[in-house]
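# Fold and contact review
What follows is each chain in one-letter form.
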Amino acid sequence: MSSFTTDQGIVHYEVYGRGRPVILLHGWLGSWGLWQETMAYLGKYYRTYALDFWGFGESGKKRETYDVQDFVSLVNQFMEQLGIEKAPLVGHSMGGTVSLSVAVKYPERVRKVVVIGSPIEGSSLSFLLKLFGQRWVAYIVHHNLWMLQLGFKVLSPLYSSDPRWSEMMNHDLSQTTLESFLLSIASLRQDRPAPDSVADQYPGDGNLRR
């Protein structure tokens, strides 16, 4: 377990493997832990880093904001702190949106962007996720987490072949606060990371190992 302290809170991260760096960014309600098997594979070829965004996992939760742009700044600080000049970014869900935004704001930091199941624009979020960005809905759900936990258990076979998926998601969910739960998804709903410019600058070929 590794961490460093910023003026905006503690940042937790994990490292595995050797070689050129690759940074993995988790999705909404997740943490670095969902990347464990990915790190085990990529670690054969790369030095993989997975961090917890503020408000999630083991990172600090004493903030007033949990905007996508806060996480963009966090990735830049993370790379600066660890001396990573430039690296591919791999992002799932909200982490993919953060990856695209980092590429727009700090293009000198990014070699490639790999996006998995991410909304290119906040308006493309599902109706249910948009509802979670409403404070009264978030309050009810966060104070009745058993509803989401049951949903994870029922839907688990549709999302992952790993039987531990729902257990991992429930663990990560229990580590969120009402503010990180609400403000991050509310910010994601409003975000638009200029995907056209990213696609032009970072054309994908499906080959991370190049």
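Cut-offs and rules
- Residues numbered from 1 in each chain as written.
- Predicted model: local features only at pLDDT ≥ 70, side-chain atom pairs only at ≥ 80, totals over all residues.
- Heavy atoms only, no water.
- Pairing = 2+ DSSP bridges.
- Helix = DSSP H or I, 4+ residues; strand = E, 2+ residues; numbered from the N terminus.
- Buried < 20%, exposed > 50% of the residue type's maximum accessible area, 1.4 Å probe, protein only.
- Polar contact = N/O pair within 3.5 Å; in protein donor to acceptor, adjacent residues only side chain to side chain.
- Contact = heavy atoms within 4.5 Å.
- Patch = residues over 30% accessible without salt bridge, like charges linked within 9 Å, V, L, I, M, F, W, Y side chains within 5 Å.
- Areas by Shrake-Rupley, 256 points an atom, 1.4 Å probe, with all protein chains shown as cover.
- Salt bridge = Lys/Arg side-chain N within 4 Å of Asp/Glu carboxyl O.
- Axes fitted to C-alpha atoms, helices over the stretch in contact; angles between N-to-C directions.
- Left-handed = near helix turned anticlockwise from the far one by under 90°.
- Nonpolar A, V, L, I, M, F, W, Y, C, P; charged D, E, K, R; others polar.
- Phe/Tyr/Trp six-rings, centres within 6.5 Å; stacked < 30°, edge-to-face > 60°.

Once that is clear, we can look at the pairing of strand β1 (residues 2–6). As defined by bridge partners, β1 adjoins strand β2 (residues 9–16) across five bridges and the pair is classed as antiparallel. When the bridges of β2 are listed, S3 appears paired with H12. Hairpin connection from β1 to β2: two residues lie between these consecutive antiparallel strands.

In this section: the side chain of D70. Among the structural elements, D70 can be located in helix α2 (residues 68–82). Residue D70 is classed as buried on the basis of its relative accessible area of 15%. In terms of polar contacts, D70 uses its side chain to reach the backbone amide nitrogen of D67, at 2.8 Å. When residues no more than four places from it in sequence are discounted, the contact partners of D70 are W54, R63 and T65.

A separate point is a nonpolar patch on the surface. Where nonpolar side chains cluster on the molecular surface, the patch consists of W136, Y139, I140, W146, M147, L150, V154, L155, L158 and Y159 and spans about 1200 Å² of accessible area. Looking at the nonpolar patch element by element, the count peaks at seven residues for helix α6 (residues 146–159). Secondary-structure assignment places I140 in helix α5 (residues 135–142).

Next up on the list: the packing of α2 against helix α3 (residues 94–105). What describes two packed helices is the angle between their axes and the distance between those same axes. Here α2 crosses α3 at 65°, and the two axes come no closer than 9 Å. Relative to α3, the crossing made by α2 is right-handed. Contacts between α2 and α3 involve V68, Q69, F71, V72 and V75 from the first element and M94, T97, V98, S101, V102 and K105 from the second. Here the residues of the contact of α2 with α3 are counted per class, giving seven nonpolar, three polar and one charged.

Attention now moves to the packing of aromatic side chains. According to the stated counting rule, one finds 10 aromatic pairs in the structure shown. Here F56 and F71 contribute two aromatic rings whose centre-to-centre distance is 6.3 Å and whose plane-to-plane angle is 70°, an arrangement assigned as edge-to-face. One end of the pair, F56, is in the loop between β4 (47–51) and α2; the other, F71, is in helix α2, with 15 residues separating them in the sequence. Ring-pair connections join several aromatic residues into one group, and the members of that group are F4, Y13, Y49 and F78.

What follows covers the pattern of salt bridges. Tallying each qualifying case throughout the model produces four salt bridges. For E37, the salt bridge goes to R164, with nearest N and O atoms at 2.9 Å. Residue E37 is found in helix α1 (residues 36–42), and its partner R164 is found in the loop between α6 and α7 (165–174); the two are separated by 127 residues along the sequence. Take R164: its relative accessible area is 41%, and that puts it in the partly exposed class. The closest approach of N and O atoms between D70 and R63, which form a salt bridge, is 3.4 Å. In this structure, D70 and R63 share a single accessibility class: buried.

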